[in-house]
Amino acid sequence: MTAGVVAAATVLGVGHLVAAFIDPAASPFFALGASVVDRTPHALKDAAIRWFDSNDKLALFATMAAVMAVGAAIIGLLERRRWWGSAVLAALGGVAMAAALHRPTATTAFVLPGVIGTAAGLLALRILSARPSAAPATSGVSRRRFLLAAAGVGAVAVGAAATGRWLGTRLRDIAADRAGFAVPQANPIPPPGEADAAIEGVTPFVTATDRFYRVDTALQLPALTSAQWRLRIRGMVDRPMELDFDRLRERTAVRRTITLTCVSNEVGGDLAGTAVWTGYPLAELLREAGVHPESDMLLSRSVDGFTASTPVSAIMDGRDALLAVGMNGRPLPIEHGYPARLVIPGLYGYVSATKWVVDLELTRFDRARAYWTQRGWAADAPIKTASRIDVPAAFAKVPVGPVTVAGVAWAQHRGIVAVEVQVDDGPWQAATLAGEYSKDTWRQWYWRWDASPGAHTLRVRATDATGTQTDHRAPPFPDGSTGWHNRVVTVG
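Parameters at a glance
Residues numbered from 1 in each chain as written. Predicted model: local features only at pLDDT ≥ 70, side-chain atom pairs only at ≥ 80, totals over all residues. Heavy atoms only, no water. Pairing = 2+ DSSP bridges. Helix = DSSP H or I, 4+ residues; strand = E, 2+ residues; numbered from the N terminus. Axes fitted to C-alpha atoms, helices over the stretch in contact; angles between N-to-C directions. 1 Å grid on protein atoms, 1.4 Å probe; cavity = no way out; pocket = protein on both sides within 12 Å on 5 of 7 lines; lining within 4 Å. Points joined across faces, edges and corners; volume = space filled by probe spheres on them. Nonpolar A, V, L, I, M, F, W, Y, C, P; charged D, E, K, R; others polar. Parallel < 35°, antiparallel > 145°, perpendicular 65-115°, else oblique. Contact = heavy atoms within 4.5 Å. Phe/Tyr/Trp six-rings, centres within 6.5 Å; stacked < 30°, edge-to-face > 60°. Buried < 20%, exposed > 50% of the residue type's maximum accessible area, 1.4 Å probe, protein only. Lys NZ or Arg CZ within 6 Å of the ring centre and 35° of its normal. Salt bridge = Lys/Arg side-chain N within 4 Å of Asp/Glu carboxyl O.

Under an unreviewed UniProt entry, the name given to the protein is DMSO/TMAO reductase YedYZ molybdopterin-dependent catalytic subunit, and the source organism is Nocardia pseudobrasiliensis.

Right, dumping it as structure tokens:
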């Protein structure tokens, strides 16, 4: 078993090292992981996000490592029967190569990490399987020498992986680039003022950058410097364009406060956040390119091949759609799309918030589909009206008498006009709304409850400019969850 585990580690470690010179996406481990993400049923994907939140990728890596370890142990046992283990390892190496070649940005060179890594793994397996592990020392290599050999090969595997990671960072280092990136000067943003009621326990109006949710398909963060970045605008346009940061900085930047929401957000979930975004009006760029009247989709592409489809009408209707380069006054964090991303209010992120964006293609919905729409998610994805109770906490014990019930509600690009709270099956009570910052941001609310002893269920619902949110419970797939959020508390 040990021989199989060490051999598999050698495949991954050496493959990761070779990928550092080609592209991190070609690493056998990341290629296999990306293939798993691509083929994960939507129900399982939503469950992973619900269970692990922004740690979903860490959970995936841990699961993959456990499965690979079990499989590698089996390979070690099979190798005792002549070459069966080697045959299985070679086959799995072929799977890794195929996975790498199917990445959106793959070239023929993507096969090399798998080829070289598998060859190294097979060599390690043969060396470590040269004798039965129970054989006496006089008939070959002693158990002690076997363990030393396994430790040595394992050290090579770990060292190769670590070196690959180090080289990948150095060859594609963007930390220094981001540190030197100057967020463009733009209009000052009015402070939240009355929009932030500053109620203890309620989500702050502006989300701290390090607490902003992250949901995407990138298992390894793309490494793209501002000097390398280019944005192409092409397709159904009169004047195809290519922009770099020198050309982009010739334009007037703006700052906008916008709330984003992930389509995977469950009722009452926290996959929503508000930030101050600095960037350039997307509609101006498209007008300069000259969008053909019959084009109804903007297909945006990330540097790692991810695609999102946005209705052109949602960009050109006057809303603050941005090519964003700053977040909360700083350069975009790498995990949030550095050096440039899209921010389009009113639409779920999977059709509007492409990170590491490098390509904008004007096309039509009847001609192209994006990453998530190919997997059954809706093409039309306006954010649904939602409200959430932040305080009291779920199953909290609160005292008899005055209790503050409070939270946030959002209906981006429509605006929240009312929030109501219900205790058990009693009448709906109007909550007090904090000031409206804009119709593209969430709104805090609070209600003073004269709590009586016993167990109670609190419910909340919001009303936007078009109507009140539905009580029908629906999961995120295919176009966003619906339903009223509730909290059970004990008074006494």
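Next comes the rest of the description.
Moving on, we get to the sheet that holds strand S5 (residues 297-302). Spatially, S2-S1-S10-S5-S6 is the arrangement adopted by the 5 strands of the open sheet, whose pairing is mixed. Each edge of the open sheet is held by one strand with a lone partner, namely strand S2 (241-243) and strand S6 (307-311). Each adjacent strand pair in this sheet contributes to an overall mean axis angle of 20°, direction not counted. Both S5 and S6 contribute to a ladder of 5 bridges, which runs antiparallel.

Per the counting criterion, the structure on display carries 2 cavities of 30 Å³ or more. In terms of lining residues, the largest cavity is bounded by 20 residues, among which Asn265, Glu266, Ala386, Trp410 and Ser481 are the most central. It is strand S11 (residues 386-391) that provides the largest number of residues to the lining of the largest cavity, a total of 3 residues. In terms of residue class, the lining of the largest cavity is built from 7 nonpolar, 10 polar and 3 charged. Lining the second largest cavity, in full, are Tyr213, Thr259, Leu260, Thr261, Leu347, Gly349, Ser352, Ala353 and Ile383. Residue classes in the lining of the second largest cavity are distributed as 5 nonpolar, 4 polar and no charged.

Turning next to the packing of helix H2 (residues 28-38) against helix H5 (residues 84-101). In the contact formed by H2 and H5, the axes pass within 8 Å of each other and the chain directions differ by 70°. In terms of axis orientation, H2 runs roughly perpendicular to H5. Residue-level inspection shows Pro28, Ala31, Leu32 and Ser35 of H2 in contact with H5, the latter providing Val95, Ala96, Ala99 and Ala100. Residues that form the contact of H2 with H5 fall into these classes: 7 nonpolar, 1 polar and no charged.

Attention now goes to the packing of aromatic side chains. For the coordinates displayed, the defined rule picks out 14 aromatic pairs. Note on Trp372 and Trp377: the rings are 6.4 Å apart at their centroids and 75° apart in plane angle, and the pair reads as edge-to-face. Classification of Trp372 as buried rests on a relative accessible area of 11%. Judged by its relative accessible area of 4%, Trp377 falls in the buried class. Grouping aromatic residues by their ring pairs yields a cluster made of Phe306, Tyr350, Tyr371, Trp372, Trp377 and Phe477. Over the aromatic face of Tyr371 sits the side chain of Arg375, whose NZ or CZ is 3.8 Å from the ring centroid. Note that Arg461 overlies the ring of Trp428, its terminal NZ or CZ placed 4.1 Å from the centroid.

Here we come to the pattern of salt bridges. Two side chains carrying opposite charge are able to pair once their charged atoms lie near each other. Scanning the model with the defined rule gives 17 salt bridges in all. The closest approach of N and O atoms between Asp366 and Arg364, which form a salt bridge, is 3.1 Å. One continuous salt-bridge network, built from bridges that share partners, spans Arg232, Arg234, Arg301, Asp359 and Glu361.

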